[in-house]
Amino acid sequence: MSEKPVDTTKIRSVKKMRDLMTTYYLEALSAGQNNKQVAWITSGGPVEPLVAMDIIPVYPENHGAMIGSAKMGEELCAKAEEMGYSFDLCSYARADIACSVEKGGPIGGLPRPDMLICCNNICGTVLKWYEIQARFYNVPLFILDTPICHTGYTPDIAAYVRAQVDEYIVFLENVTQRKLDHDKMTQVGKLSFEGQRLWQKVLNTTAHKPSPMSAFDAFFFLALIVTLRGTPIAVDFYKELIAEMEQRIKDGISSIPHEKYRLLWDNLPVWHRLKWLSARFSGHNACLVADTYTSAWCGAIQYIDEDNFLDSIAQAYTRIYLNIGVDQMADQVLDMIRFYDVNGLVMHSNRSCKPYSFGQMDIMKTVREKTGLPVLMIEADMVDPRSFSQAQAETRIDTFMEIIKQREA
Amino acid sequence: MICAGIDIGSITAKAALINGKDLLGTLVIPTGYHHLNAGIRVFDTLLQQNGLSRTDISFVVSTGYGRASVDFADKTMTEILCHGAGAHFLNPDIRGVIDVGGQDSKAILLDDQGRVENFAMNDKCAAGTGRFLEVMARALEVALDQMGEVGQKADNPSKISSICTVFAESEVISMIARQEKRENIIAGIHDAAAARVANLAAKIRIRGPVMMTGGVAKNSGMAAALEKRLKLPLIIESFSQETGAIGAAVLAAGTG
């Protein structure tokens, strides 16, 4: 008797998401013709005031992810090295800097910025990276400095960051020569809150066994909460995506054909090897059901007060996953291990992302001690394929899966 | 039931035959360019030496970097599980394994059943591998299998500070130019490679008794340098190079 074939129908929302992203980039690329201003902003930066002031936000990091997925990272990173930048510099920064000069990459480079918004809650590299771009494009740069909350959010940090939120608004008003419409700001704040709430709900659907989508899908669907946070587009899309996921659960549609093992991913994706990694794991009947990365765009939602948005974002943007102590990061990883009920943890030691990769050994140790679960460390880079060895990754993944199979047998 | 394990490494191909708790025989040949041919040759020669034919074998497991090329194997397993199983077969007390092969080195933690609890491998770098020693042996015009013996005669081991094999080679060449004693340079090389491997062992908090496996275990100088770094004695069996193949055969017996 043959087994009933497992339904792994593709996710329908993928097409809609692609269309939305295409429209977003077309609008951004034609901003100049439509008398709209463009701000480049770091992925963890407070985008809502930009949306409220009708400035188009553009994300070099999202662009970096596109460059990585399009396998154009090596060429652009090498170009930046020819320009004198170190191989040790983050590959998003290298690709972006080279792209500005070359107008290369999958969309021929990002639209020229009218201003740059840099928030260092994700790393310290962005400071120098944005300073370089501010000089290159000769545009004003605003830096929002969010001290790392190693143990907690102190009153000093709160006052320091809150004051900068006001400075941020003044900066935008000066550059645009327009005043912020506070009613609109409130409205955008509510949409941002709602978008983040819905995004968390999308991610929560993968707690179901078998999982209706994987972390690889989440890496893709993430782009909207990053780029269009604070707009009704993100809210509407995620409502549809949740409905589709709930329907998939009802219909018994799973992400991979035979989900036997569930895994948690840590760090950014290896953008240039998504398909390969997904196939390698699913060949072992393992589904990466969740990750610490995509939840970063809704992980600080408990600090947001949607009725008092500007006051609350100081805290919400300061206490994101990459800006807290390693102990707190480990606690979040442990929570996810329990919530998604996984059989192991896969950590990507990302040569580019130092704040994400630093502390992984400690988190690994904590996870082992508290859960006894196997933990795998893969060395790679999110964009630059020269920092990745496929044969070595293969052996490590296969060994890790052999250990999990032995344990679960 | 006779089972076979075939380990296709980057430099040598190994095969082992076991029957229950008995090791019937092992063989090591150079891998060369063609992984499958190496697998066929090492397997068939070993069978012949033992007066057996392929039909006598119940199950074959292949391992090593060329594991997927061995199309006649019933199953493939990674070398980490195989080295663990092989070490356990040779000595059930073993809790830690350090395998230094041609192009990678690994530290493995075992439970009392010989199952792998944790492991660490070298990253995209040849330092601390057999290849590192090979490159250095060539630069110093010493036969690879003489390295251990020569290095043990050092009176004042040189200090190699570069981690990278290519840079370390330049460093060694400048030492040769300065006419440092060959024995001292070799001892320095062993210590540099051992430091890299000890680092992997520390990552997984290795515990004894520790067995050293892989081709490099035959290098007494490297083993001594490693013992010093780890502050632990290393158990080295005469089958150190074939441990992966033996483990593959053990796992074949468990599956078949």
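Source: prediction; values computed, not measured. (Residues numbered from 1 in each chain as written. Chains lettered and ligands numbered in written order. Predicted model: local features only at pLDDT ≥ 70, side-chain atom pairs only at ≥ 80, totals over all residues. Heavy atoms only, no water.)

**Observations regarding the interface of chain A and chain B**
Across the boundary between the two partners, chain A contributes 19 residues, which contact 19 residues of chain B. Contact between chain A and chain B buries roughly 1700 Å² in total, counting both sides, with carbon and sulfur atoms accounting for 56%. Our count for the chain A to chain B interface comes out at one salt bridge. The salt bridge partner of aspartate 398 of chain A is arginine 67 of chain B, with a shortest N-O separation of 3.0 Å. Taken together, the connections running from chain A to chain B amount to five residue pairs in polar contact (both at pLDDT 80 or more). Among the elements that line the side of chain A that touches chain B, the one with the most residues is helix H16 (residues 390-408) of chain A, at eleven residues. (Contact = heavy atoms within 4.5 Å. Buried area = accessible area lost by both parts, 1.4 Å probe. Salt bridge = Lys/Arg side-chain N within 4 Å of Asp/Glu carboxyl O. Polar contact = N/O pair within 3.5 Å; in protein donor to acceptor, adjacent residues only side chain to side chain. Helix = DSSP H or I, 4+ residues; strand = E, 2+ residues; numbered from the N terminus.)

**A closer look at the sheet that holds strand E4 (residues 57-63) of chain B**
Hydrogen bonds along the backbone pair up the strands of a sheet, which may run parallel or antiparallel. Overall, mixed pairing links the five strands, which are arranged E3-E2-E1-E4-E5 (chain B) in an open sheet. Lying at the two open borders of the sheet, with one neighbouring strand each, are strand E3 (22-30) and strand E5 (75-76) of chain B. (Pairing = 2+ DSSP bridges.)

**Here's the deal with the pairing of strand E2 (residues 12-19) of chain B**
Residues and elements named next belong to chain B. Within E2, seven of the eight residues are buried, which leaves the element mostly enclosed by the surrounding structure. In this structure, strand E1 (residues 2-8) lies alongside E2, joined through seven bridges in antiparallel fashion. Paired with isoleucine 2 across the strands is asparagine 19, a residue of E2. Linking E1 back to E2 in an antiparallel pair, the connection comprises three residues. Inspection of the sheet shows E2 paired to E3 by eight bridges, in the antiparallel sense. The residue bridging lysine 14 from the neighbouring strand is valine 28, located in E3. Between E2 and E3, which follow one another and run antiparallel, lie two residues, and glycine 20 among them has a positive phi close to 65°. (Buried < 20%, exposed > 50% of the residue type's maximum accessible area, 1.4 Å probe, protein only.)

**Brief notes about the pattern of salt bridges**
Under the definition given, this model contains 33 salt bridges over all chains. For the salt bridge of aspartate 384 of chain A with arginine 94 of chain A, the shortest nitrogen-to-oxygen distance reads 3.0 Å. Note that aspartate 384 of chain A is positioned in the loop between strand E8 (375-380) and H16 and arginine 94 of chain A in helix H5 (residues 91-102), a separation of 290 residues in sequence. Both residues of the pair, aspartate 384 of chain A and arginine 94 of chain A, belong to the buried class. Put simply, glutamate 134 of chain B and arginine 131 of chain B hold a salt bridge, and the shortest N to O gap is 3.0 Å. Of the two residues, glutamate 134 of chain B and arginine 131 of chain B both sit in helix H3 (residues 130-140), three residues apart, roughly one turn of that helix. Overall, the relative accessible area of 21% leaves glutamate 134 of chain B in the partly exposed class.

**Topic: helix H15 (residues 360-371) of chain A**
Since the α-helix turns once every 3.6 residues, residues separated by three or four places project in the same direction. Residue and element names in this part refer to chain A. Taking 1.5 Å per residue, twelve residues should reach 16 Å; H15 reaches 16 Å between its end C-alpha atoms and fits that length. Of all the positions in H15, only Gln360, Ile363, Met364 and Val367 are classed as buried. One face of H15 carries all of its buried residues, which in axial projection span an arc of 105°. Exposed side chains of H15 directed beyond 90 degrees from the buried face belong to Glu369 and Lys370. Buried-residue contacts for H15 involve strand E5 (261-266), helix H13 (326-340), strand E7 (344-350), helix H14 (354-357) and E8. Residue glycine 372 follows H15 closely and has a positive phi angle near 75°. (Expected span 1.5 Å × (residues − 1). Arc of directions from axis to C-beta.)

**Some thoughts on the packing of aromatic side chains**
Across all of its chains, the model carries 18 aromatic pairs over all chains by this definition. Measuring from ring centre to ring centre gives 5.2 Å for tryptophan 40 of chain A and tyrosine 137 of chain A, while their planes differ by 70°; the resulting arrangement is edge-to-face. Of this pair, tryptophan 40 of chain A sits in strand E1 (residues 38-41) while tyrosine 137 of chain A is found in helix H6 (residues 125-137), placing the two residues 97 residues apart along the sequence. Both residues of the pair, tryptophan 40 of chain A and tyrosine 137 of chain A, count as buried. Joined through ring pairs, the aromatic side chains of Trp199, Phe220, Phe221, Phe237 and Tyr238 of chain A make up one cluster. The ring of phenylalanine 72 of chain B has arginine 54 of chain B sitting right over it, with the charged end atom 4.4 Å from the ring centre. (Phe/Tyr/Trp six-rings, centres within 6.5 Å; stacked < 30°, edge-to-face > 60°. Lys NZ or Arg CZ within 6 Å of the ring centre and 35° of its normal.)

**Some words on helix H8 (residues 182-204) of chain A**
All names here are of chain A. With 23 residues, H8 extends 33 Å between its outermost C-alpha atoms, agreeing within 8% with the 33 Å of an ideal straight helix rising 1.5 Å per residue. Those residues of H8 that sit buried are Met185, Val188, Gly189, Ser192, Phe193, Gly195, Gln196, Leu198, Trp199, Val202 and Leu203. Among the structural elements, helix H2 (48-52), helix H9 (215-227), helix H10 (232-251), helix H12 (309-318) and H13 are those in contact with the buried residues of H8. Here H8 starts with a cap whose side-chain oxygen sits 3.0 Å from the backbone nitrogen of aspartate 183, and that cap is aspartate 181.

**Notes on empty space enclosed by the protein**
Residues and elements named next belong to chain A. Applying the stated criterion across every chain yields a total of three cavities of 30 Å³ or more. Along its surface, the largest cavity is lined by 31 residues, and Ser43, Gly44, Ile122, Trp297 and Ile320 are the ones closest to its centre. Elements represented by at least two residues in the lining of the largest cavity include exactly H6, H12 and H14. Broken down by class, the residue content of the lining of the largest cavity amounts to 21 nonpolar, seven polar and three charged. (1 Å grid on protein atoms, 1.4 Å probe; cavity = no way out; pocket = protein on both sides within 12 Å on 5 of 7 lines; lining within 4 Å. Points joined across faces, edges and corners; volume = space filled by probe spheres on them. Nonpolar A, V, L, I, M, F, W, Y, C, P; charged D, E, K, R; others polar.)

**Describing the domain arrangement of chain B**
Residue and element names in this part refer to chain B. When its domains are assigned, chain B resolves into domain 1 (1-91 + 241-256) and domain 2 (93-236). Facing the 15 residues of domain 1 at the interface are 24 residues of domain 2. Between domain 1 and domain 2 lies a buried interface of about 1600 Å² when both sides are counted; carbon and sulfur atoms form 65% of it. Counting the contacts that link domain 1 with domain 2 gives zero salt bridges. Inspection of the domain 1/domain 2 interface yields six residue pairs in polar contact (both at pLDDT 80 or more). A per-element tally of the side of domain 1 that touches domain 2 places helix H2 (residues 79-90) first, with nine residues. Of the residues assigned to the side of domain 1 that touches domain 2, the class counts are seven nonpolar, seven polar and one charged. (Domains from an automatic or database assignment.)

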